[in-house]
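Chain by chain, the residues:
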Amino acid sequence: MATMAAPVSGVHAESSSPSGIWSWLTTVDHKRIGILYLVSAMFFFVWGGLEALVIRLQLAGPNMGLVSADMYNQLFTMHGTTMVFLVVMPLSSAFFNFLIPLQIGARDVAFPRLNAFSYWVFLFGGLVITLPILFGLAPNGGWFGYAPLTTKAYATGYNIDYWVLGLQILGVASLAAAFNFITTIINMRAPGMHLMRMPIFTWMSFVVQFLVILAFPAITVALVFLMFDRFFGTNFYTIAAGADPLLWQHLFWIFGHPEVYILILPAFGLVSEVLPTFSKKPLFGYPVMVYSGMLIGFLGFGVWAHHMFSVGMGPVADSVFSLTTMLIAIPTGVKILNWISTMWGGNIRFTTSMLFGIALVGLFTIGGISGIMHSSAPADLQQTDSYFVVAHFHYVLFGGAVFGIMAGIYYYFPKMTGRMLDETLGKIHFWTFFIAMNLTFFPMHFAGLYGMPRRIYTYDAGQGWELFNKLSTAGVILQGVGMLVFLYNFIKSWRSGPVAGNNPWGAPTLEWALPSPVPDYNFAHIPTITSRYPLWDQKADELVKSEAETTVGGRLKTAKELGIPMPFPTIRPLIAALLMSTMLCSVLFIHAGNLPLAMTIGIGSFLGLAFTLVSWLTSPLE
Amino acid sequence: MANEVAHAADAHGAHADDHFHPQWSTYWKVAVVLTAITVVEVWIYYIPSFVASKLFVPSLLIMSAVKFAIVVMFYMHLKYDHKLFRALFTGPLLIAIGTLFGLMFLFGKLAIRLGLGAG
Amino acid sequence: MASVAKTDPHHAGDAPHAHPPTSTGLNHRKIAVWAFIGSECMLFVSLISTYLIYKGKSLAGPYPHEWWCRATNTIAKSAAELGQCAPAETFKPILNIPVTSASTFVLLMSSLAMVLALAAVENADLPMPSGAWDRILRSSKTWLWMTAILGTTFLGFQAYEFTSFVHEGLTIRTNLFGSSFFTLTGFHGAHVTVGVLWLLALLGIDYKRGLKPADALNVDIAALYWHFVDVVWIAIFTLIYLIQ
């Protein structure tokens with residue numbers, strides 16, 4: 001397992017790729033789209049974090065009056081919705097986009113223009129949900145939007161409309177991306193890149209795409225029902241007409257539980273790349289890691305009703321869903337043990353990335369164990385709707401998903417930008433995040449066990465909750481400090497960080513054989529893979545062409561010079577995404593009572609969309 | 001070109017190189033079977049004694065499952081196609097059907113008689 | 001639809017940097033379409049589940065298989081069992097099995113036409129038979145038209161069904177049956193509409209330059225979608241129409 005010498009080549013690909021706003025609006029390059037996802041999701045991360053900050057300031061002490069009850073509802077709804085759909089999912093998408101083709105040895109995804117379409121649809125859907133809070137009109141029914149509370153009888157304003165429409169738009173983005181990545185991973189692997197040689201990140205992404213295509217239709221249907229109820233007067237959630245109040249809950253959680261794995265598995269994948277590199281050891285039990293990921297995904301479809309123990313489904317249903325939930329702990333525990341075994345006896349380097357990775361293993365275990373506590377229906381009845389649950393899912397989603405993604409950002413920043421993030425600032429960021437995270441969420445376990453319910457905008461003194469809430473608020477402020485350090489580091493290093501070589505970490509997977517940043521065509525020639533860890537086990541010249549063949553005059557050759565056909569940049573995906581979004585949003589004017597305007601905008605957008613699609617499909621790809 | 005020669009060679013053959021190629025006659029036979037099953041389905045719908053019997057619903061479900069399978073196997077040529085496509089279809093289909101059954105149990109449309117009394 | 005397939009012959013190994021062959025040897029779009037169909041299974045299962053969950057839960061008629069007297073809000077298996085009820089207050093069972101059986105048959109036959117269209121495109125290079133009738137039977141245009149017309153006929157049946165239901169007093173707002181029925185069958189009808197448009201696009205190409213065996217994949221993908229919409233209807237016909 002000789003480490004391939006990593007010559008720090010000064011060659012930069014930047015010079016050969018076009019720049020300017022227009023090039024970003026029309027790009028179909030998976031790496032640029034990945035960076036667009038990353039930057040947009042970071043923007044939403046700050047946005048959702050500020051919402052959390054206001055929530056925590058409001059709860060810092062008893063009977064605070066910083067925001068009204070209504071604004072508080074908007075804040076916690078938008079914090080949840082933003083973090084789930086606009087931060088963790090797109091941050092994962094950023095890595096799907098950037099990494100999957102590089103890890104499997106492909107020049108792009110299977111459908112580059114569809115990929116651009118996915119991003120723009122995501123962006124417009126995100127804006128539809130996010131912007132209304134500036135006008136005090138944000139969705140206010142919780143991120144789960146339980147109907148009938150979100151039907152027009154109980155939520156008359158526009159608030160829920162934005163949520164219903166925005167989530168449907170976001171669903172289109174996720175589904176389109178999922179079909180794209182499934183095809184890419186099945187069909188665009190380099191010679192020798194067998195399924196069982198694929199990097200674990202690609203494997204976990206593969207599982208996630210199947211979760212997306214199976215989970216999103218359920219919420220799409222639930223949202224369509226809600227939209228029809230709100231705009232066209234149907235009865236799906238009208239209890240007075242005999243509707244079942246559990247219909248929404250079931251459809252939502254059929255989506256919602258796989259969604260949890262959609263959020264966490266990519267982070268697991270990233271950490272499974274980071275830990276072996278910085279332990280200088282192959283991943284322990286690679287096949288078991290793959291199978292446990294698949295098993296988690298599969299079982300994820302059989303546990304949804306554990307979110308609903310308190311609605312009274314009866315002992316049989318409660319027992320079945322308890323058991324399947326406990327079963328999931330097995331493959332998840334296997335992953336934890338494999339990560340620990342990977343580090344065991346390794347030659348560990350404590351880079352920022354590695355620190356985030358190790359922290360994930362610990363923090364996710366805490367969140368996982370409180371999750372097993374909920375899997376028991378009688379215990380869950382005590383904990384449900386209390387801050388204990390808030391503590392649980394922040395340990396798995398912040399300590400798990402966000403820490404895993406942070407590990408990924410520190411690890412892959414050099415590959416994305418060609419420059420290194422500052423390690424000193426990185427470590428400051430890590431330790432503030434680590435301390436702040438535990439300071440914020442650990443006391444919530446106690447607040448919850450002392451009986452503090454979720455989603456209350458204020459509370460009376462003397463219930464034993466003050467101290468825990470003070471600690472949590474202090475923790476969030478500290479998280480904000482950590483985030484500022486990170487953003488400063490991110491911007492500063494992107495501009496003027498030290499130049500990274502091809503493989504600054506001595507990593508084993510294929511993407512590190514390429515120049516940093518990666519040229520638009522990725523691989524000057526498609527490599528042949530003979531190992532799960534090509535850069536540790538294979539010779540450099542088996543993977544990439546020599547510098548003499550790929551450079552000219554001290555710069556990388558362009559795709560044209562190498563004779564590689566590249567897809568044309570095109571604005572059509574952006575226009576199609578915009579028109580699809582306006583088409584859906586036209587129903588807002590039905591709510592406003594202006595049916596003709598709704599019809600005009602809806603039909604106009606539809607015709608424009610049809611025209612754009614025809615033009616898209618009849619124009620050559622490359 | 002070599003391509004054309006190959007095409008001419010198997011002009012009368014069964015396109016041995018292609019992985020799916022049921023003959024026209026197969027397609028017509030499948031259509032006859034589908035029509036026959038549909039006729040039976042509608043026919044038994046008009047026999048009140050059969051509708052009242054316990055066999056009505058299971059026999060309808062079996063017949064539609066057979067139709068479903070025949071169309072997928074022959075018209076969508078999954079029987080002859082790459083096994084990957086079979087996996088891409090049957091995996092999601094099984095999860096979807098499992099979800100359907102789960103929901104039917106949860107909403108009391110189906111019940112397992114466990115002999116545990118009130119359940 | 002008309003764009004060039006990745007595995008098209010003109011890409012296969014003519015330039016050193018052309019696209020490498022796909023890992024499985026299969027076409028990208030065909031894999032994507034099968035994944036899409038897998039996803040659609042879940043979409044229709046959610047819709048069908050909702051219909052079944054709400055079956056028998058409507059608090060007022062009209063009902064799918066039962067007679068209903070509005071004045072007394074009573075339900076019965078037959079008009080006779082309903083007892084005294086003014087004609088204006090009497091609502092017969094909504095679902096019209098003879099009409100739907102016919103439309104089901106039409107959709108099944110459209111699937112037959114679709115496979116014959118695909119076979120015609122795959123064999124478009126073979127010498128054409130001399131007889132006029134044989135030529136028509138061998139033409140992809142014949143079968144694409146046939147599929148599109150049968151699909152449109154199905155949509156016509158659905159339009160007839162929907163309007164007659166509305167005349168009989170059932171709209172999407174009337175009760176749970178109306179909401180779940182119109183949404184489910186409406187979603188299916190929308191899928192058929194997309195399929196018909198897709199077929200018309202293929203016909204456009206066929207008239208412009210003729211569909212060749214190299215286009216078989218484009219037709220195949222449209223056919224997979226079309227047959228899937230058909231099998232969904234097979235399930236709907238049994239679960240919604242026939243089972244009472």
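Residues numbered from 1 in each chain as written. Chains lettered and ligands numbered in written order. Predicted model: local features only at pLDDT ≥ 70, side-chain atom pairs only at ≥ 80, totals over all residues. Heavy atoms only, no water.

### Side note on the overall build of chain C
Looking only at helices and strands, one finds seven helices and three strands in chain C. Shown N-terminal to C-terminal, the secondary structure of chain C runs as helices and strands in the order α-β-β-α-β-α-α-α-α-α. Computed over its C-alpha atoms, the radius of gyration of chain C comes to 23 Å, more than 25% above the 18 Å expected for a compact globule of 244 residues. Considered along the principal axes of its C-alpha atoms, chain C spans approximately 80 × 45 × 25 Å. Going through the 244 residues of chain C one by one, you find that 59% of them count as buried. Pairs at least 24 apart in sequence give 72% of the contacts found in chain C among residues at least 6 apart. In the form shown here, chain C has an accessible surface area of approximately 9,200 Å², with 66% of it arising from carbon and sulfur atoms. Across chain C, the mean location of the 15 positive side-chain charges is 3 Å away from that of the 15 negative side-chain charges. (Helix = DSSP H or I, 4+ residues; strand = E, 2+ residues; numbered from the N terminus. Rg over C-alpha atoms; globule rule 2.2 N^0.38 Å. Buried < 20%, exposed > 50% of the residue type's maximum accessible area, 1.4 Å probe, protein only. Contact = heavy atoms within 4.5 Å. Areas by Shrake-Rupley, 256 points an atom, 1.4 Å probe, with all protein chains shown as cover. Lys, Arg positive; Asp, Glu negative; His and termini not counted. Charge placed at Lys NZ, Arg CZ, Asp CG, Glu CD.)

### Comments concerning the nonpolar core
Ranked by internal contacts, the top residues of the largest apolar core, which has 313 residues, are A:Phe85, A:Trp339, A:Phe403, A:Ile409, B:Tyr75 and B:Phe89. Here this core gets 24 residues from one element, more than from any other, and that element is helix H6 (residues 200-232) of chain A. Residues contacting A:Ile409, with those up to four places away along its chain left out, are A:Leu38, A:Met42, A:Phe95, A:Leu421, A:Phe486 and A:Phe490. Among the nonpolar cores identified, the runner-up in size contains six residues, and A:Tyr521, A:Leu556, A:Leu562 and A:Ile564 belong to it. (Core = buried A, V, L, I, M, F, W, Y, C linked by side-chain atoms within 4.5 Å.)

### Looking at the domain arrangement of chain A
Residues and elements named next belong to chain A. Segmentation of chain A into domains returns domain 1 (35-554 + 563-567) and domain 2 (574-622). Relative placement of domain 1 and domain 2: their C-alpha centres are 30 Å apart. Taken together, the 24 residues of domain 1 in the interface contact 18 residues of domain 2. Interface area for domain 1 against domain 2, summed over the two sides, is near 2,000 Å², with a carbon-plus-sulfur share of 79%. (Domains from an automatic or database assignment. Buried area = accessible area lost by both parts, 1.4 Å probe.)

### What about the interface of chain B and chain A?
Listed as interface residues are nine residues of chain B and, on the opposing side, 15 residues of chain A. Surface buried jointly by chain B and chain A totals about 1,000 Å² across both partners, of which 94% is contributed by carbon and sulfur atoms. The three residues of chain B that bury the most area against chain A are B:Ile95, B:Leu106 and B:Phe107, which together make up 51% of that side's buried surface. At the junction of chain B and chain A, the tally comes to zero residue pairs in polar contact (both at pLDDT 80 or more). Per-class residue counts for the side of chain B that touches chain A are seven nonpolar, two polar and no charged. (Polar contact = N/O pair within 3.5 Å; in protein donor to acceptor, adjacent residues only side chain to side chain. Nonpolar A, V, L, I, M, F, W, Y, C, P; charged D, E, K, R; others polar.)

### Observations concerning the pattern of salt bridges
Summed over all chains, the structure comprises 13 salt bridges over all chains. Salt-bridge contacts for A:Arg230 lead to A:Asp161; the nearest nitrogen and oxygen are separated by 2.6 Å. Within this pair, whereas A:Arg230 is found in helix H6, its partner A:Asp161 is found in helix H5 (residues 159-187), the two being separated by 69 residues in sequence. The same class applies to A:Arg230 and to A:Asp161, which are both buried. Through salt bridges with shared partners, one network takes in B:Asp81, C:Lys30 and C:Asp220. (Salt bridge = Lys/Arg side-chain N within 4 Å of Asp/Glu carboxyl O.)

### Structural notes on the packing of helix H10 (residues 352-375) of chain A against helix H12 (residues 387-417) of chain A
Residues and elements named next belong to chain A. Put simply, H10 and H12 touch, their axes get as near as 8 Å, and they point 160° apart. When the axes of H10 and H12 are compared, the pair comes out roughly antiparallel. Classified by chirality, the crossing of H12 by H10 is left-handed. Grouping the amino acids of the contact of H10 with H12 by side-chain chemistry returns 16 nonpolar, 12 polar and no charged. (Axes fitted to C-alpha atoms, helices over the stretch in contact; angles between N-to-C directions. Parallel < 35°, antiparallel > 145°, perpendicular 65-115°, else oblique. Left-handed = near helix turned anticlockwise from the far one by under 90°.)

### Focus: the state of the cysteines
Residue and element names in this part refer to chain C. For the structure shown, the criterion picks out one disulfide over all chains. Paired by a disulfide, Cys 69 and Cys 85 hold their sulfur atoms 2.0 Å apart. Residues Cys 69 and Cys 85 are joined by a disulfide whose S-S torsion is about 90°; by sign, that bridge is right-handed. One end of the pair, Cys 69, is in strand E1 (residues 67-69); the other, Cys 85, is in the loop between helix H2 (79-82) and strand E3 (90-91), and 16 residues separate them in sequence. For the residue pair Cys 69 and Cys 85, the accessibility class agrees, reading buried in each case. (Disulfide = S-S within 2.5 Å.)

### Let's talk about the interface of chain C and chain B
With 48 residues of chain C at the interface, the matching set in chain B holds 44 residues. Carbon and sulfur atoms supply 79% of the area buried between chain C and chain B, which totals about 4,400 Å² over both sides. The interface formed by chain C and chain B holds one salt bridge in total. The salt bridge involving C:Lys30 is made with B:Asp81; its shortest N-O contact spans 2.8 Å. Linking chain C with chain B are six residue pairs in polar contact (both at pLDDT 80 or more).

### A look at a nonpolar patch on the surface
All names here are of chain A. A surface patch of nonpolar side chains, about 500 Å² in accessible area, is lined by Leu 595, Met 599, Ile 603, Phe 606 and Leu 607. If you trace the backbone, Leu 607 turns up in helix H21 (residues 595-618). Judged by relative accessible area, Leu 607 falls into the exposed class, the value being 52%. (Patch = residues over 30% accessible without salt bridge, like charges linked within 9 Å, V, L, I, M, F, W, Y side chains within 5 Å.)

### Quick notes on the packing of aromatic side chains
All names here are of chain A. Summed over the entire model, instances satisfying the criterion amount to 85 aromatic pairs over all chains. Here the aromatic rings of Tyr 411 and Trp 505 are separated by 6.4 Å at their centres, their planes lie at 15°, and the arrangement is stacked. Residue Tyr 411 is found in helix H12, and its partner Trp 505 is found in the loop between helix H14 (466-496) and helix H15 (534-537); the two are separated by 94 residues along the sequence. A residue is classified by how much of its surface remains accessible, and Tyr 411, at 0% relative accessible area, is buried. The aromatic ring of Trp 24 is capped on one face by Arg 32, whose charged end is 4.3 Å from the ring centroid. (Phe/Tyr/Trp six-rings, centres within 6.5 Å; stacked < 30°, edge-to-face > 60°. Lys NZ or Arg CZ within 6 Å of the ring centre and 35° of its normal.)

### Some details on the environment of A:Thr26
Residue and element names in this part refer to chain A. As for its position among the elements, Thr 26 is in the loop between helix H1 (21-25) and helix H2 (30-58). Accessibility expressed as a relative area gives 5% for Thr 26, which makes it buried. C-alpha of Thr 26 to C-alpha of Pro 569: the two residues are 543 residues apart in sequence and 5.1 Å apart in space. Once residues within four sequence positions are removed from consideration, Thr 26 is found in contact with Pro 569, Thr 570 and Ile 571.

### Observations concerning the sheet that holds strand E2 (residues 74-76) of chain C
Residue and element names in this part refer to chain C. Taking strand neighbours across the sheet as the criterion, the three strands line up as E2-E1-E3 in an open arrangement whose pairing is antiparallel. Strand pairing shows two members of the sheet lacking a second neighbour, E2 and E3, which therefore form its edges. The sheet contact formed by E1 and E3 spans two bridges and is antiparallel. In the strand pairing of E3, Trp 68 is matched with Phe 91. (Pairing = 2+ DSSP bridges.)

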